[in-house]
Amino acid sequence: MKIKQRLENKELMVYRLLNSRNKLLNEDSTKLARLEKGFKGELIFDERIDRLSKSWLILNDIQLESNETDFQIDSIIVAQKLLLLFEIKNHEGDYYIEDDQWYYMNGTPLQNPMSQLERKELLLQRLLRELGSNIPIESYLVYVNPNFHLYNAPRNPSIIFPTQLNRFFDELNKIPTNISEPHKKLAYKLVSMHKSESRSNIPKYSYEEVRKGIMCSICCSFRLEIKKSIFICKNCEGTENKTTAILRSVDEYHLLFPERKITTINIYEWCKGIVSKKLIQRILSKNFIAKGNAKSTYYDKKEKLY
Ligand SMILES: [Zn+2]
């Protein structure tokens, strides 16, 4: 049972939007490509886990705090006798290890993923102890990309290489998953402690420099035309219902500028006047909670749980 879904994380979504609305600088496009790749790797892992259809509890992409330190875990599985912690890597190409230090083939060092994993395990263990649980943790670093190779790889059973994936999932399939109330309580407690990501990794940008207008949901083109209640993209011919497209644009606006108020006039400007203020006001009042007085009404999102 999935207790917490994996969503594209905020950082990735902001990078995607900036890329479409505001050409990213070189280093930022590299970062976007890395985030996309990491996310894809996580989906590959999820797909393998889902195929096992066990009754364990799955918590994906969870951001926690322990010992005044924030840490993120790609996947947690609560099973009957243990809690599994997974760090998923979609690295591709050749890497090597020398004196415990990991390197890209060109000699550039990278942060030792095993130390990162151990650190996360310690932080999680501490947090679990504070919650009164002494369930043992087993941690794994899982490489999902078949084109990954590590020279001088240590004989460490916590690292799962692409050629070991099938056997690893077979083994996972054997673990007992008779879940009881305390397991569920613990899983929900962890989800309730999930913190939304900080924006510290996100590049700086201003409202003025970000391109306004409604984008096609398929190809991100701004060349849309209106035909009655739908938008038609002149680039890919994709169509989208007007209301859906406006709500999606409000979401994008809110994600990029959480500090700016959602008002009729602001959204009208954000959509570059492609639809009337009257329609925007109607959509906002129907889908958001109106706040403030009549003259300065702004809208708040209805709270989503996770
Ligand atoms: Zn399109």
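Residues numbered from 1 in each chain as written. Predicted model: local features only at pLDDT ≥ 70, side-chain atom pairs only at ≥ 80, totals over all residues. Heavy atoms only, no water.

Identification of the chain as NERD domain-containing protein from Lederbergia citri is taken from an unreviewed UniProt entry.

Engineer: Any chance you could explain the packing of helix α1 (residues 10-21) against helix α6 (residues 242-256) here in plain terms?
Structural biologist: The packing of two helices is summarised by the inter-axis angle and the distance between the axes. Interaxial distance between α1 and α6 falls to 10 Å at its minimum, and their mutual angle equals 110°. Considering the angle they form, α1 stands roughly perpendicular to α6. For the pair α1 and α6, the contacting residues are Lys-10, Met-13, Val-14, Leu-17, Leu-18 and Arg-21 in the first and Glu-252, Leu-255 and Leu-256 in the second. Grouping the amino acids of the contact of α1 with α6 by side-chain chemistry returns 6 nonpolar, no polar and 3 charged. (Axes fitted to C-alpha atoms, helices over the stretch in contact; angles between N-to-C directions. Helix = DSSP H or I, 4+ residues; strand = E, 2+ residues; numbered from the N terminus. Parallel < 35°, antiparallel > 145°, perpendicular 65-115°, else oblique. Contact = heavy atoms within 4.5 Å. Nonpolar A, V, L, I, M, F, W, Y, C, P; charged D, E, K, R; others polar.)

Engineer: Would you mind going over the packing of aromatic side chains with me for this structure?
Structural biologist: Any pair of aromatic rings gets described here by the distance separating the centres and the angle formed by the planes. Evaluation of the coordinates by the stated rule reveals 19 aromatic pairs. With centroids separated by 6.3 Å and ring planes inclined at 80°, the aromatic side chains of Phe-86 and Phe-168 adopt a geometry described as edge-to-face. Of the two residues, Phe-86 is situated in strand β4 (residues 83-89) and Phe-168 in helix α4 (residues 165-172); the sequence distance between them amounts to 82 residues. With respect to class, Phe-86 is no different from Phe-168; both count as buried. Each ring, one from Tyr-207 and one from Phe-257, has its centre 5.2 Å from the other, and the planes form 70°; the classification is edge-to-face. Separated by 50 residues along the polypeptide, Tyr-207 in the loop between α5 (181-192) and β11 (224-227) and Phe-257 in the loop between α6 and α7 (264-270) bring together distant segments of the chain. Here a set of aromatic residues connected by ring pairs shows up, and it is made of Tyr-95, Trp-102, Tyr-104, Tyr-143, Phe-148 and Phe-161. If you follow Lys-54 out to its NZ or CZ, it ends over the ring of Trp-56, 6.0 Å from the centre. If you follow Lys-261 out to its NZ or CZ, it ends over the ring of Tyr-298, 4.5 Å from the centre. (Phe/Tyr/Trp six-rings, centres within 6.5 Å; stacked < 30°, edge-to-face > 60°. Buried < 20%, exposed > 50% of the residue type's maximum accessible area, 1.4 Å probe, protein only. Lys NZ or Arg CZ within 6 Å of the ring centre and 35° of its normal.)

Engineer: Just checking my understanding: could you explain α1 for this structure?
Structural biologist: Counted at 1.5 Å a residue, the expected span for α1 with its 12 residues is 16 Å, and the 16 Å between its end C-alpha atoms agrees. For α1, every residue scored as buried is listed here: Glu-11, Leu-12, Val-14, Tyr-15, Leu-17, Leu-18 and Arg-21. (Expected span 1.5 Å × (residues − 1).)

Engineer: Teacher, can you tell me more about the environment of Met-13 here?
Structural biologist: Looking at where Met-13 falls in the secondary structure, it is placed in helix α1. As a C-alpha pair, Met-13 and Leu-32 span 19 residues in sequence and 9.3 Å in three-dimensional space. Setting aside residues up to four positions removed in sequence, Met-13 forms contacts with Glu-8 and Leu-255.

Engineer: What exactly am I supposed to notice about the packing of α6 against helix α8 (residues 277-287) here?
Structural biologist: The interhelical angle for the contact between α6 and α8, taken along N-to-C directions, is 75°, at an axis separation of 11 Å. Taken together, the axes of α6 and α8 lie roughly perpendicular to each other. Along its contact with α6, which presents Lys-242, Thr-243, Ile-246, Leu-247 and Val-250, the element α8 presents Leu-279, Ile-283, Leu-284 and Asn-287. Broken down by class, the residue content of the contact of α6 with α8 amounts to 6 nonpolar, 2 polar and 1 charged.

Engineer: I would appreciate a short explanation of the domain arrangement of the chain in the present structure.
Structural biologist: Domain boundaries in the chain define domain 1 (2-192) and domain 2 (224-300). For domain 1 and domain 2, the distance between their C-alpha centroids amounts to 36 Å. With 6 residues of domain 1 in contact, the opposing surface of domain 2 contributes 4 residues. Interface area for domain 1 against domain 2, summed over the two sides, is near 520 Å², with a carbon-plus-sulfur share of 78%. Among the residues domain 1 hides against domain 2, the three largest losses belong to Val-14, Leu-17 and Arg-21. Together they make up 79% of the total. One can count 1 salt bridge joining domain 1 with domain 2. As a salt-bridge pair, Glu-252 and Arg-21 come within 2.9 Å of each other at their nearest N and O atoms. Looking at the side of domain 1 that touches domain 2, its residues break down into 4 nonpolar, no polar and 2 charged. (Domains from an automatic or database assignment. Buried area = accessible area lost by both parts, 1.4 Å probe. Salt bridge = Lys/Arg side-chain N within 4 Å of Asp/Glu carboxyl O.)

Engineer: What am I meant to see in the sheet that holds strand β9 (residues 148-151) here?
Structural biologist: Adjacent strands of a sheet form backbone hydrogen bonds with each other and so pair up, either parallel or antiparallel. With respect to topology, 4 strands assemble into an open sheet ordered β7-β6-β5-β9, the strand pairing being mixed. Only two strands of the sheet have a single neighbouring strand rather than two, namely β7 (109-110) and β9. As defined by bridge partners, strand β5 (residues 93-98) adjoins strand β6 (residues 101-104) across 4 bridges and the pair is classed as antiparallel. Its bridge partner being in β6, Tyr-96 is matched across the sheet by Tyr-103. (Pairing = 2+ DSSP bridges.)

Engineer: Sorry if this is basic, but what is going on with the coordination of the zinc ion here?
Structural biologist: Tetrahedral coordination by four donors puts the ideal angle at the metal at 109.5 degrees, and octahedral coordination by six puts it at 90 or 180 degrees. Coordination of the zinc ion by the protein involves Cys-216 (SG), Cys-219 (SG), Cys-233 (SG) and Cys-236 (SG), with metal-donor separations of 2.2 to 2.4 Å. Each of the 4 donor atoms around the zinc ion contributes to a set of angles spanning 105 to 116°, which defines the coordination as tetrahedral. Between consecutive donor residues of the zinc ion, the sequence gaps follow C-x2-C-x13-C-x2-C. Of this pair, Cys-216 sits in the loop between α5 and β11 while Cys-233 sits in strand β12 (residues 230-233), and the two are 17 residues apart along the sequence. There is no split in this pair, since Cys-216 and Cys-233 are both buried. (Donors = N, O, S within 2.8 Å, 3.2 Å for Na, K, Ca; no water. Tetrahedral: all angles 85-135°; square planar, octahedral: opposite > 155°, others 65-115°.)

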